[in-house]
Amino acid sequence: MKNETIQKKRVEVSVGIIENDKNEILVCRRNKKGDHLFGLLEFPGGKVEKGETIVDCLIRELYEEVDINLPSSSSSSSSSFSSNDDSTSFSLIKLIEIVEFEYKDIICNIHFFKVNLQNNTTQQISPKPKEGQPMFWIKKNEIDYLQFPESNKNVIELLNQNKI
Ligand SMILES: Nc1nc2c([nH]c(=O)n2[C@H]2C[C@H](O)[C@@H](COP(=O)(O)OP(=O)(O)OP(=O)(O)O)O2)c(=O)[nH]1
């Protein structure tokens, strides 16, 4: 008998760990029907689209989901940004870590970025949920009481220890 292995689809994902000037972190609840992670909390973000860099994706997703409009200068500098770099030339955004995580149907390569709104002096940024999702600001030292996908475990620990 032929030994068939079903190749899981691989997706690149960018997410933003957004911190405000009260040292709180923005989290949303996944509420789309049929979602494999329905009900869990997450950091805003999503899948990289064709032709996009991971930073372009982060900027697009943050705008689409929580109305964060990061300056487009980050987008142009992102063309040379590779997933091995540990920072961008854009001071508000920093790549923290990349986690490969295998779900039932897909393998996600998740790029966790820290987005420090408290470093932002150029404009007022006030996130709002744009997709009807519940959205909360959570104290860093309370974040590990909440339920996130397993793939977020390490960054949650880093946040909880105030290391990022
Ligand atoms: N946004 C986000 N996704 C996460 C986190 N942790 C984690 O494992 N993921 C996974 C869940 C999903 O399989 C994948 C992101 O996909 P998504 O469904 O949010 O992407 P999307 O916004 O492009 O949505 P869609 O168009 O496919 O519905 O990454 C997280 O903290 N935030």
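Residues numbered from 1 in each chain as written. Predicted model: local features only at pLDDT ≥ 70, side-chain atom pairs only at ≥ 80, totals over all residues. Heavy atoms only, no water.

- Under the annotation held in an unreviewed UniProt entry, the protein chain carries the name 8-oxo-dGTP diphosphatase and is attributed to Dictyostelium firmibasis.
- On record in UniProt, under Catalytic activity (unreviewed entry), the comment for the protein chain is "8-oxo-dGTP + H2O = 8-oxo-dGMP + diphosphate + H(+)".
- What the UniProt record of the protein chain gives under Cofactor (unreviewed entry) is the line "Mg(2+)". (UniProt positions renumbered as here; feature names shortened; annotations may be inferred.)

Structural notes on the pattern of salt bridges
Point 1. Counted according to the given criterion, the structure contains 13 salt bridges.
Point 2. Measuring nitrogen to oxygen at the nearest pair gives 3.3 Å for the salt bridge that ties lysine 140 to glutamate 19. Within this pair, whereas lysine 140 is found in the loop between strand S7 (135-139) and helix H3 (153-160), its partner glutamate 19 is found in strand S1 (residues 9-19), the two being separated by 121 residues in sequence. Note on accessibility: lysine 140 and glutamate 19 belong to one class, buried.
Point 3. Between arginine 30 and glutamate 42 there is a salt bridge, with the nearest N and O atoms lying 2.5 Å from each other. Residue arginine 30 is found in the loop between strand S2 (24-29) and strand S3 (41-42), and its partner glutamate 42 is found in strand S3; the two are separated by 12 residues along the sequence. (Salt bridge = Lys/Arg side-chain N within 4 Å of Asp/Glu carboxyl O. Helix = DSSP H or I, 4+ residues; strand = E, 2+ residues; numbered from the N terminus. Buried < 20%, exposed > 50% of the residue type's maximum accessible area, 1.4 Å probe, protein only.)

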